[in-house]
Amino acid sequence: MTLILGLDPSLSCTGWGVIRAEGSRIAHVANGQVPTDPKAPMAQRLAGLQAALADVIATHRPDRAAAEEVFVNKNPQSTLKLAQARGCVLAACGAAGLMVNEHAARLVKKAVVGTGGADKTQVQAMVKILLPGVQIAGADAADALAVAIADAHLS
């Protein structure tokens, strides 16, 4: 049995999801979202994000983590903010000694839905099918669960 922490990094709201993988079988453990206050200074937002994820890791004690690779937005400022949030996510995992597998968003969608061009609603629908009875905390948590599911299938 392997516990996998899936992460969907974002400065505004980072999603997380923990699944249990036993061979090809997967099961939901927990999921949630870590929002940050857009009015707070950047350093406080990043520190809060890292602390919240450290708490998630300490609570659920995953065996490994998986995160979406960074993608380049048309707006360079947005890309930099995403990269900073992603750095906090990776730092929280690194501080806990977790190995982090990184997957492209298109690969996650292909592994979960069957096509790399799937939209968010298709991803959420498949997460609910693959994890029966799951109560998803929000769109970012659904994306994080999708990352964990893809990691379980790809590893």
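Each value, and the rule that gives it
- In this numbering scheme, every chain counts its residues from 1 along its sequence in written order.
- Selection of residues for local features in this predicted model requires a pLDDT of at least 70, selection of side-chain atom pairs for listing and counting requires 80 or more, and totals for whole chains, interfaces and linings are taken over all residues.
- Computation of side-chain values covers all heavy atoms of the structure but excludes hydrogens and water.
- The helix and strand labels rest on DSSP assignments: H or I over at least four residues marks a helix, E over at least two residues marks a strand, and numbering proceeds from the N terminus.
- In this scheme, a residue with accessible area under 20% of its type's maximum is buried, one over 50% is exposed, and one in between is partly exposed, where area comes from a 1.4 Å probe on protein chains only.
- Any two strands with at least two DSSP-identified bridges between them are counted as paired.
- Working rule for contacts: check all heavy atoms of both residues, and any pair within 4.5 Å makes them a contact.
- Angles run from 0 to 180 degrees between N-to-C directions of axes, and those axes are lines fitted to C-alpha atoms, restricted for helices to the stretch in contact.

**Q** Can you explain unusual backbone geometry? Please cite residues and give values.
**A** Even without being a glycine, Arg61 presents a positive backbone phi close to 50°. Of note, Arg61 is situated in the loop between helix H1 (42–60) and strand S4 (64–68). The exposure class assigned to Arg61 is exposed, which follows from its relative accessible area of 64%.

**Q** If you had to explain the pairing of strand S3 (residues 25–35) to someone new, which residues and values would you point to?
**A** The two faces of a sheet get side chains in turn, since along a regular strand they alternate between them. The sheet contact formed by strand S2 (residues 13–22) and S3 spans 10 bridges and is antiparallel. Residue Cys13 lies in a different strand from S3, and its bridge partner there is Pro35. Between S2 and S3, which pair antiparallel in sequence order, lie 2 residues; one of them, Gly23, sits at a positive phi of approximately 65°.

**Q** Could you give an account of the environment of Ala27, naming the residues involved and the relevant values?
**A** Relative to the elements of secondary structure, Ala27 occurs in strand S3. Owing to a relative accessible area of 22%, Ala27 belongs among the partly exposed residues under this scheme. When the C-alpha positions of Ala27 and Leu130 are compared, they lie 8.2 Å apart, and in sequence the two are 103 residues distant. The contact partners of Ala27, leaving out residues within four places of it in the chain, are Val18, Ile19, Arg20 and Leu131.

**Q** Report on the sheet that holds S2, specifying residues and quantitative values.
**A** The strand order across the open sheet formed by 5 strands is S3-S2-S1-S4-S5, and the pairing between neighbours is mixed. Whereas interior strands pair on both sides, the edge strands pair on one side only; in this sheet they are S3 and strand S5 (100–103). Averaged over all adjacent pairs, the angle separating strand axes in this sheet is 20°, with direction ignored. Of the pairings in the sheet, the one linking strand S1 (residues 2–8) to S2 comprises 7 bridges and is antiparallel in character. Counterpart to Leu7 in the pairing with S2 is Trp16. Contacting S1, S2 and S3, H1 runs over the sheet at an angle of about 15° to S2. Where helix H5 (residues 139–154) meets the sheet, it contacts S1, S2, S3, S4 and S5, and its direction lies at approximately 35° from that of S2.

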